[in-house]
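# Observations on the model geometry
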Amino acid sequence: MHQLVTDLLNGNRRAAARMISHVENDDLIKRELLKELYPHTGKAYLIGITGAPGSGKSSLVDCLLQEMRNDGLKIGVIAVDPTSPFSGGAILGDRIRMQDHALDHNIFIRSMGTRGSLGGLSRSTREAIQVLDAFGKDIILIETVGVGQSEVDIVKTADTTVVVLTPAGGDSVQTIKAGIMEIADIFVINKADLPGTERTTTEINVMLDMKKEGGWRPPVVQTVSVQNKGINYLWESLQEHRIYMQESGTLENIRLERVKRELTDQVEFLLKNSVWNQVKEEIKLDRLVEEIARREKDPYSAASELLDKLNIFEQKAGEDG
Amino acid sequence: MNRRKIRVLVAKPGLDGHDRGARVIARALRDAGFEVIYTGLHQTPEQVAETALQEDVDVVGLSILSGAHMTLVPRIKKLLIDNGMGEVLMVVGGIIPGDDAEKLLKEGHAEQIFTPGDSLDRIIGYISSKF
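Reference entry: report on the structure contained in this document. Worth saying up front: this structure is predicted, and the values here are computed from it rather than measured.

## Brief notes about the pairing of strand 4 (residues 89-94) of chain B
Residues and elements named next belong to chain B. Of all six residues in strand 4, five are buried; the element is thus mostly enclosed. Bridge count between strand 3 (residues 59-64) and strand 4: six bridges; the pairing is parallel. What sits directly across from Gly61, in strand 4, is Val91. Remark: the strand 3/helix 3 (residues 69-82)/strand 4 crossover connection has right-handed handedness. Pairing geometry for strand 4 and strand 5 (residues 112-114), over three bridges, is parallel. Across the sheet, Val92 pairs through a bridge with Ile113, a residue of strand 5. Where the polypeptide runs from strand 4 across helix 4 (residues 98-106) and back to strand 5, its parallel neighbour, the crossover connection is right-handed.

Shown next as structure tokens:
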């Protein structure tokens, strides 16, 4: 077993931090490490926190950490902030709200830049979750970037998704739009000491009651994170949703779905790599590109011919990948 | 392939409430393509070192305007070394008298010290040159 994996499984925080860097940087060693980690994953419960910029996601995470620590749980936090599309740099500032927990060794907080990913999470969030899961965290809180209406990758990643709103965020039509309003398992109206709280709460409740199907009905929880108000209700709702997910079998289903997606992604990744490796070796791609640019060929038939020439599918049959 | 992203922790240790300078530096580093982790004000040396560890940073940048640099900088450097992070590039900015700066550098508590008047280009050029 790789030394880094051994250290991580023994609870070494530096090893966990190094490992997340390896997956984030797409280092060559990444796949080997993840392979060895995989048997130790699948135990943590994943909670996603999403909402508009400045709605109070980081502060809520901070408050929740306290509640969860009171119950003796070990927690990992992944906080995502946007990477600049121009410079590639980023300001990762979610930690500012959580620094009171910096010295609690049962909490591990990691900030990540999106690095080109557009769905509200970073490219390597899922892999970083696996690292913290194997590291022995009971709960992993995933804070998305400040989102607009349609960055909904979190719902495919988390077991429970919390959508954080603030009072007076538009008229009631906003509550029935597709996208972020559909993915909540729990709604939080944060900054609930501001005017408009009751109206926003009512509008969301009305929207929720328009749904016909049975199953989980998302609660709407009012919080004031700077005064630590309502956090206990949020924590109760999170626990209730987890019980619902487990007892209804939904958790098992979405986790199977997630594994299926991981497998598909890996097959696509390996296939793509092996095709392109051969293409680079055997075919003068530049010449083909020029022919297409001169309109002597079209890209659709050129691609088919290329794959025919490689016989990739016959060769793959006997290989291990 | 892109060049590996360099991660920089910008931290304000101690009882010093002025973070405009730290924010300007953080912003300039962002525009130069660095990933900047900012911790906010009033961090203890232990918080700074633990954050550096969890975030696995390549550079720690301390902004100190309080006059406590001769205590804070060596303390943080020692905690980093204890954490197995002695290799991290330690850069200090603030109002650091020349004699103090010389001592901190000579004793290996920091790799570079910037004071008022140093340009953003110089600071970024220095950090970039190390990677």
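Still more to cover.
## Details of the sheet that holds strand 1 (residues 45-51) of chain A
Residues and elements named next belong to chain A. The sheet built from seven strands is open, its strands ordered 4-2-5-1-6-7-8 with parallel pairing. Where the open sheet ends on each side, the last strands, each with one partner, are strand 4 (107-113) and strand 8 (220-222). Sheet twist, expressed as the average angle between the axes of neighbouring strands with direction ignored, equals 20 degrees. Bridging between strand 1 and strand 6 (residues 160-165) involves five bridges; their strand directions are parallel. Counted as the bridge partner of Ile49 is Val162 from strand 6. Sitting on the sheet, helix 5 (residues 125-134) is in contact with strand 1, strand 2 (75-81), strand 4 and strand 5 (139-146), with an inclination near 160 degrees to strand 2.

## Observations regarding the layout of surface pockets
All names here are of chain A. Looking at the largest pocket, its volume works out to about 1500 Å³. For the lining of the largest pocket, the elements supplying multiple residues, two or more each, are helix 3 (30-37), helix 5, helix 6 (154-157) and helix 9 (250-282). Looking at the lining of the largest pocket element by element, the count peaks at 14 residues for helix 9. Considering only residue class, the lining of the largest pocket consists of 13 nonpolar, eight polar and 16 charged.

Cut-offs and rules
Residues numbered from 1 in each chain as written. Chains lettered and ligands numbered in written order. Predicted model: local features only at pLDDT ≥ 70, side-chain atom pairs only at ≥ 80, totals over all residues. Heavy atoms only, no water. Buried < 20%, exposed > 50% of the residue type's maximum accessible area, 1.4 Å probe, protein only. Helix = DSSP H or I, 4+ residues; strand = E, 2+ residues; numbered from the N terminus. Pairing = 2+ DSSP bridges. Right-handed = clockwise from strand over helix to strand, strands pointing away. Axes fitted to C-alpha atoms, helices over the stretch in contact; angles between N-to-C directions. Contact = heavy atoms within 4.5 Å. 1 Å grid on protein atoms, 1.4 Å probe; cavity = no way out; pocket = protein on both sides within 12 Å on 5 of 7 lines; lining within 4 Å. Points joined across faces, edges and corners; volume = space filled by probe spheres on them. Nonpolar A, V, L, I, M, F, W, Y, C, P; charged D, E, K, R; others polar.

Nothing here speaks to function; it is all geometry.
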